[in-house]
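Given next are the chains, with one letter for each unit.
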Amino acid sequence: MRLEANSVFVEYRMSRSQQWLSALQDVNFVVGSGKFVSVVGPSGCGKTTLLNVIAGLQHPTRGEVFLDGQPIKGPGRNRAMVFQSAALMPWRTILRNVTYGLELQKYPEQRRLDIARDLIQLVGLDGFEESYPRELSGGMQQRVNLARALATSPEILLMDEPLAGLDAQMRELMQVEIQRIWLQTNKTTVYVTHLIDEAVFLADEVIALTARPGTVKTVLPINLPRPRSLELKKSPEFHRIQDQLWDLIEEEFKKLGEPGSERLL
Amino acid sequence: MNLPSQHFFSPRAIANFYHRYENTLLALAAVLVFLFLWELLPAIGLANPFFTSSPSRIVAAAGWLFAHGFWNDIFVSLEEFAIGMGLAILFSIPLGLLLGWYRRLNAMFEPFVTLFNAMPRVALIPLIILWLGIGTQSKVAAVFLGAFFPLVINVMAGVKTVDETLLKCARSFGATDRQVFKTLALPTCLPFLVAGMRLALGRGLVGVVVGEMLASTAGVGHMMTLASSSFQTDKMFVGLILLAGFGYVLTDLLKHLEKRFASWRS
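Rules used in this analysis
- Residues numbered from 1 in each chain as written.
- Chains lettered and ligands numbered in written order.
- Predicted model: local features only at pLDDT ≥ 70, side-chain atom pairs only at ≥ 80, totals over all residues.
- Heavy atoms only, no water.
- Pairing = 2+ DSSP bridges.
- Helix = DSSP H or I, 4+ residues; strand = E, 2+ residues; numbered from the N terminus.
- Contact = heavy atoms within 4.5 Å.
- Buried area = accessible area lost by both parts, 1.4 Å probe.
- Salt bridge = Lys/Arg side-chain N within 4 Å of Asp/Glu carboxyl O.
- Polar contact = N/O pair within 3.5 Å; in protein donor to acceptor, adjacent residues only side chain to side chain.
- Nonpolar A, V, L, I, M, F, W, Y, C, P; charged D, E, K, R; others polar.
- Domains from an automatic or database assignment.
- Axes fitted to C-alpha atoms, helices over the stretch in contact; angles between N-to-C directions.
- Parallel < 35°, antiparallel > 145°, perpendicular 65-115°, else oblique.
- Left-handed = near helix turned anticlockwise from the far one by under 90°.
- Buried < 20%, exposed > 50% of the residue type's maximum accessible area, 1.4 Å probe, protein only.
- pLDDT = per-residue confidence, 0-100.

When you look at the sheet that holds strand S1 (residues 3-13) of chain A in this model, what are you seeing that I'm missing?
Within a sheet, adjacent strands bond to each other through the backbone by hydrogen bonds, running parallel or antiparallel. Residue and element names in this part refer to chain A. Across the sheet, which stays open at both edges, the 4 strands sit in the order S2-S1-S4-S5 with antiparallel pairing between neighbours. Two strands bound the open sheet, and with one partner strand each, they are strand S2 (20-31) and strand S5 (70-71). When S1 meets S2, the two strands line up antiparallel, connected through 8 bridges. In the strand pairing of S2, Glu 11 is matched with Ser 22.

This is the structure in structure tokens:
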């Protein structure tokens, strides 16, 4: 499924001062069907807002996002989200956490279980079906989070810094896992992160946003062969791309520090 | 053949046993000493059993009561209490969910909930008796009024703790309000409801006893008022001990229930 953002503006009205705050300004981009796109940018630049808009949880003030030419009106079965915090239900087993979306969308019981068991296997958690979230490590919980999103077989997967809570080593291993799962499922994916190496490692294209109000600063295609291994991160080619992106984002960080810039929150 | 018994009663085994059950043993000893003194003081003339009664007198009174229809009083009180509590739980869940969830409903009903909760609800019982008569219904209402508000307030507080990201997750799957209530709000509220039940049980017991004492034809509270008006201290103590024991057992059961819910959280 092809995703297209057409001059998207999002403005918030701040409850205390009643002032309008611009989160996204004239955002335009296209994500081709089956592509993995990473979105990077300084914190507070509206990355999560952008995902919420694509998910249909938030309406843009102006502009629209299209899925295969159809404007997004609200949440839909063709999209699913993976959250930064695993947000699992502590009172449900892993199996029943994975079936949650299917349950809400009224899939028949047996089908729910079949799908969930397959996905638990895909994310490498076989044997943990009847465990409870508190018995799992952070990395395992994020696997459940991913399986839950994949369960409703969305055509677009929206990932909001899913690895932010993990330690550095687990983070690297999970990057490889996400790539493996993506290669097997081939979903159009929008992946928000603030780590440049993670963005480059995973993506077909990196969209760099500017500081607030966020707008697309650059779109960088990553033409590295797949499947990519962690070894690739040591290659000169990888470093060149990473430096290039870092320079672009550094400019934005500098802007944030300037006096008089919109440095709110 | 002798070995096992030697083993069980060796000083070491006794010491082990003591350390293992120290708290229980100490509590038991204190209760036994108390009962002993309670029996002894009236017997040697240091206290007037007309006022203090004594364990042996209470046991005798209990024997007489159970032989003369006390079961019916207990049954009536239990029924009133159970129906009142059941209704309070049944109604507090939906109302608490709605008031906790919808800001405008909360704004409208919050004054009522706060006012009723702050009011000493036993003061309402004479009015309830006027409305519903001296039968079971007025006591059911008294229990309900006692138990309902602590439950509602706890459920309302529980709703507000629903995980924001989980809510976002449910919405992104296209969940309806009803589905969000059922799958997220309700399970999140359950531990709060159980915590509220501890308070509600006490308030409900006050409701049933005071109701029966004010106007009724049966029940444990009714028996106690009759006993009081005919100076039968022993019988009043039977009622007191029964009520205390009942409250104790229920609170203990709730503790176990709370532990089960607490195990969700790491």
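Teacher, can you tell me more about the interface of chain B and chain A here?
Counting from both sides, the interface comprises 19 residues of chain B and, opposite them, 26 residues of chain A. For the pairing of chain B and chain A, the buried interface totals around 1,900 Å² over both sides, and the portion due to carbon and sulfur atoms is 68%. The tally of links between chain B and chain A comes to 0 salt bridges. Inspection of the region where chain B meets chain A yields 4 residue pairs in polar contact (both at pLDDT 80 or more). Breaking the side of chain B that touches chain A down by element, the ones donating at least two residues are helix H10 (164-172) and helix H11 (177-214) of chain B. Among the elements that make up the side of chain B that touches chain A, the one with the highest residue count is H10 of chain B (7 residues). Of the residues in the side of chain B that touches chain A, the class split is 8 nonpolar, 8 polar and 3 charged.

Please clarify how the domain arrangement of chain B should be interpreted in this entry.
How big an interface is tends to be stated in terms of accessible area lost as the parts join. Along its sequence, chain B is carved into domain 1 (4-47) and domain 2 (59-265). Taking the mean C-alpha position of each, domain 1 of chain B and domain 2 of chain B sit 36 Å from one another.

Explain the packing of helix H6 (residues 70-101) of chain B against helix H9 (residues 136-159) of chain B here, please?
To characterise two packed helices, one gives the angle between the axes of the helices and the distance between these axes. Residues and elements named next belong to chain B. Put simply, H6 and H9 touch, their axes get as near as 6 Å, and they point 30 degrees apart. The pairing of H6 with H9 is recorded here as roughly parallel in orientation. Here the hand of the crossing between H6 and H9 comes out right-handed. Looking at the contact of H6 with H9, its residues break down into 22 nonpolar, 5 polar and 2 charged.

Teacher, can you tell me more about the environment of Asp 68 of chain A here?
Residues and elements named next belong to chain A. Tracing the backbone shows Asp 68 in the loop between strand S4 (62-67) and S5. Residue classification places Asp 68 among the partly exposed residues on the basis of a relative accessible area of 46%. Sequence spacing of Asp 68 and Gly 138 is 70 residues, and the spatial spacing of their C-alpha atoms is 35 Å. In this view, Asp 68 contacts Met 1 and Arg 2; residues no more than four positions away in its chain are not counted.

Help me out: how do you make sense of the confidence of the model for chain A in this one?
Detailed reading of the predicted coordinates is not advisable wherever pLDDT falls low. Residue and element names in this part refer to chain A. Overall, the prediction assigns chain A a mean pLDDT of 88, with 96% of residues at 70 or greater. When the elements of chain A are averaged for pLDDT, helix H8 (residues 236-257) gives the smallest value, 84, and helix H2 (residues 94-98) the largest, 95. Low pLDDT (under 50) marks residues 259-265, which in the prediction has 9 contacts with non-local residues, meaning those over four places away or in another chain.

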